[in-house]
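Listed here are the chains, written in short residue letters.
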Amino acid sequence: MQQLYKLIDAIPESIQGKLIKRNISAGETILYKGEDVQHVYILIKGIVSVSSKFKNGQRILLPNSELPVLLAK
């Protein structure tokens, strides 16, 4: 959790005021490959699965990361 506080402290104050806490349901898709980035998510609790699907239909699952995790949407 200490890493999270350091991360938030590094964010400019003008942006910190726009931070919103949001609960994401298990299995909910946060973003899809190729989408324009409009939001940044900081995962502070739980597990995130990141996968990529190729044109041939093959899907790879990337290893889980340590918290906090940054995701852009």
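Look up a bit, the structure's there.
Our subject in this report is the structure included herewith. These numbers come from a predicted model, not from an experiment.

Criteria and cut-off values
Residues numbered from 1 in each chain as written. Predicted model: local features only at pLDDT ≥ 70, side-chain atom pairs only at ≥ 80, totals over all residues. Heavy atoms only, no water. Helix = DSSP H or I, 4+ residues; strand = E, 2+ residues; numbered from the N terminus. Buried < 20%, exposed > 50% of the residue type's maximum accessible area, 1.4 Å probe, protein only. Contact = heavy atoms within 4.5 Å. Areas by Shrake-Rupley, 256 points an atom, 1.4 Å probe, with all protein chains shown as cover. Patch = residues over 30% accessible without salt bridge, like charges linked within 9 Å, V, L, I, M, F, W, Y side chains within 5 Å. Salt bridge = Lys/Arg side-chain N within 4 Å of Asp/Glu carboxyl O.

### Focus on the overall build of the protein
Part 1: A count of helices and strands for the protein gives two helices and four strands.
Part 2: Within the protein, the proportion of its 73 residues that are buried is 11%.
Part 3: The contacts in the protein between residues at least 6 apart in sequence include a share of 55% that link residues at least 24 apart.
Part 4: Only carbon and sulfur atoms are counted for the fraction: they give 54% of the accessible area of the protein, which is about 6600 Å².

### Notes on the side chain of serine 52
Part 1: Along the chain, the position of serine 52 falls in strand E2 (residues 50–53).
Part 2: Serine 52 sits in the buried class, given a relative accessible area of 17%.
Part 3: Apart from residues lying up to four places away in sequence, serine 52 is in contact with Lys33, Gln58, Arg59 and Ile60.

### Description of the environment of threonine 29
Part 1: Within the secondary structure layout, threonine 29 lies in the loop between helix H2 (13–16) and strand E1 (40–43).
Part 2: Considered as a pair, threonine 29 and valine 48 are 19 residues apart in the sequence and their alpha carbons are 9.9 Å apart.

### Notes on a nonpolar patch on the surface
Part 1: Taken together, Val50, Phe54, Ile60 and Leu62 make up a surface patch of nonpolar side chains, about 290 Å² in accessible area.
Part 2: Mapping leucine 62 onto the fold places it in strand E3 (residues 59–62).

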